[in-house]
Amino acid sequence: MHDSKGIGRRRLFTTAAALGGTAAMGGVLARPAAAEDAVGTRTFAPVKVTPADAQYGELVHGMNRRYVGNPEAVQIVDDVSQVAGVVQAAVTAGKRLTVRSGGHCLEDWVFNPEVQVVLDLSLLDKVYYDSGRRAFAVETGAQLLDVYALLYQVYGVTVPGGICHSVAAGGHVSGGGWGLLCRQLGLIIDYLCAVEVVVVGADGRVRTVVATNDPGDPHRELWWAHAGGGGGNFGVVTRYWFRTPGAIGSDPRKLLPKPPREVYLVAQAWPWESMTEAKVSRLAQNYARWFTAHSAPGAPELALASFLVLTHRSAGQIAMVTQVDATVPDARRMLDDYRAAIGEGVDVPTEAVTRPFAEFGPMAAYAEPRRLPWLEATRYLALTNTNLTDPTYRQEYKSSYMRAAFPDRQLAALYKHLTRTDVTLPGASITLSSYGGEVNRPAPSATGYPHRESFFKMMWMSLWNDPAEDAAYIAWNRQCYAEVYADTGGVPVPNAVTDGCYVNYPDNDLNDPAYNTSSTPWYKLYYKDNYPRLQQVKKKYDPTDFFRHAQSVRLP
């Protein structure tokens, strides 16, 4: 649920604590050298790693081991000031460059045979309060769990980002983000007030631009595009700044939202051996109807978030994880009522989650609701993610946004593929994730992210280890997805029921007329009516199309 290294990276904390603010230098914010001296760390010149170096093999793949690159070099930086020089050298030499922040791109956008230079931003991991902008700066290699821990432990605030701990801010934010607090607080991009981007002009000259959400900022459209308009499209993002819209004053404890002090967390399962087609369909439909009915901005039920994982039958259990803000009135009753509503008519007793499901490991200790401090619950969900700890996983993903309950034909197609007996695919699943609420308060055109009218989203996820199983898992994903959306050309065309796809779960099949037989191209599925505006940003800030991948925004 990549919408995510652990807390042991003390460099992040000490640097952040030492940095009270930043100094403006030529329109670019630079950290004072004294802060680096205070913690005994200094930046180094960009390090060039080539195939002759022992560490090369560690640096030419991300989390999805289906995609391994063979670039001439990987350039590692650890200061934002180093990025422009690396980009300029690639431009001058005519080298194809891509960018890695956390390594969680699910397709081959970073690591593919055409790429000659990979710019690795994973050491741009600092998080600090910038008093000059009255906002929190987050460098694009900072991993989400580190961001949450720093913001909360020091300042008592957070940003509503994703679950997976080692997803880095770079791609997560630019694609819109998703997390368990989004129904209550909105998306992480709804707190984005500025972004720093290294761009390439028509003359091949590289410059660094800071774009803000200030209506008078001449670069405001570049900010708008990075608020959910996808990564790798316009330039290299080196850092973001976050602040609650309309927040006043300079007290950092009041400039971002506070997460719940405590939450209830529960994980429950339905054994596949007891589930019939009617029961599975009822379970999925109960989920869809509950979130369709309880997702208006301001509704009390926004305190509850949940994801339901419909695994392939060979996995043994269907699982659901639910989190509720324990500090709201009648929180426990809300949780109990929700669980009853999801199980209504299913008539199968739930049990502890004792088997892996999707990207998560067993959660037997949470068979009954447990009340936990928010950061402890967040850390638990982040670190139980086996996808992030097994370096051999191969992966395939697809996505959709849902605006209504399931048509019967979609439910039948889901059940058919979840119970196929011609294949044994315990790593295949479809996750339904809660949405709506404060996510839907802004208009679809307010940011580059257009999906402001959905109530839950779906993620087809297949995880496996053996390359010999590639064909079976990839075919299952494709066949199930195509049949669920057969009425609209095999893809979730925006309409009264579906609302397109999530760019942070990229799917190159959307480009292929063999799999997308609709008249709706991939870019409309990701960006809907915002795409022409994104193209104009592309034309202004990347007129030579230097930054590109299989599904990058095209020049108009």
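Above this note sits the structure.
Let me begin by describing the structure that accompanies this report.

About the thresholds
Residues numbered from 1 in each chain as written. Predicted model: local features only at pLDDT ≥ 70, side-chain atom pairs only at ≥ 80, totals over all residues. Heavy atoms only, no water. Helix = DSSP H or I, 4+ residues; strand = E, 2+ residues; numbered from the N terminus. Rg over C-alpha atoms; globule rule 2.2 N^0.38 Å. Buried < 20%, exposed > 50% of the residue type's maximum accessible area, 1.4 Å probe, protein only. Areas by Shrake-Rupley, 256 points an atom, 1.4 Å probe, with all protein chains shown as cover. Lys, Arg positive; Asp, Glu negative; His and termini not counted. Charge placed at Lys NZ, Arg CZ, Asp CG, Glu CD. Pairing = 2+ DSSP bridges. Axes fitted to C-alpha atoms, helices over the stretch in contact; angles between N-to-C directions. Contact = heavy atoms within 4.5 Å. Core = buried A, V, L, I, M, F, W, Y, C linked by side-chain atoms within 4.5 Å. Phe/Tyr/Trp six-rings, centres within 6.5 Å; stacked < 30°, edge-to-face > 60°.

### Re the overall build of the chain
If you tally the helices and strands in the chain, you get 14 helices and 18 strands. For 556 residues, the compact-globule formula gives about 24 Å, and the C-alpha radius of gyration of the chain, at 22 Å, lands near that figure. Judged by the C-alpha coordinates and their principal axes, the chain covers about 65 × 50 × 45 Å. The proportion of buried residues among the 556 residues of the chain is 62%. For the chain, the exposed surface amounts to about 19,400 Å²; the carbon and sulfur share of it is 52%. Between the averaged position of the 54 positive side-chain charges in the chain and that of its 55 negative side-chain charges there is a distance of 4 Å.

### Section: the pairing of strand β4 (residues 73-76)
Burial along β4 is two-sided: the residues Ala73 and Gln75 and Val74 and Ile76 are all buried. With three bridges connecting them, strand β3 (residues 47-49) and β4 associate as antiparallel partners. Its bridge partner lying in β4, Lys48 is registered against Gln75.

### Looking at the sheet that holds strand β13 (residues 304-311)
Taken together, seven strands build an open sheet; the order of strands is β15-β12-β14-β13-β17-β18-β16 and the sheet is antiparallel. Strands with a single pairing partner mark the edges of an open sheet, and in this sheet they are β15 (370-373) and β16 (394-402). When strand polarity is set aside, the average angle formed by the axes of neighbouring strands in this sheet is 20°. The pairing of β16 with strand β18 (residues 456-464) spans nine bridges and is classified as antiparallel. Bridging across to β18, Ser400 finds its partner in Met458. Lying on the sheet, helix α9 (residues 331-343) is in contact with β12 (262-271), β13 and β14 (317-325); it crosses β14 at an angle near 155°.

### Some points on the sheet that holds strand β9 (residues 192-200)
Spatially, the five strands line up as an open sheet ordered β7-β8-β11-β9-β10, and their pairing is antiparallel. If you trace the sheet from one side to the other, it starts and ends with β7 (127-130) and β10 (206-212), each paired once. The mean angle between the axes of side-by-side strands here comes to 20°, regardless of whether they run parallel or antiparallel. In terms of strand pairing, strand β8 (residues 135-139) meets strand β11 (residues 236-242) through four bridges, oriented antiparallel. Residue pairing in the sheet places Phe136 in a bridge with Phe242 of β11.

### Some remarks on the nonpolar core
For soluble globular proteins, nonpolar side chains are generally found buried alongside one another. Ranked by size, the top nonpolar core spans 146 residues in total, and within it Phe242, Trp270, Phe406, Met458 and Trp460 carry the most contacts. A total of eight residues in this core trace back to one element, the largest contributor, which is helix α4 (residues 144-155). One finds Val77, Val86, Ala90 and Val117 within the second-largest nonpolar core, a separate group that totals 18 residues.

### Thoughts on the packing of aromatic side chains
Taken as a whole and assessed by the stated rule, the structure comprises 30 aromatic pairs. Their ring planes at 50° and their centres at 4.7 Å tell us that Tyr287 and Phe291 sit as a pair that is tilted. You can see Tyr287 and its partner Phe291 sitting in helix α8 (residues 277-293), four residues apart, about one turn around the helix. Exposure class is identical for Tyr287 and Phe291. Each is buried. Following the ring pairs from residue to residue traces out a cluster consisting of Tyr287, Trp290, Phe291, Tyr338, Phe406 and Phe456.

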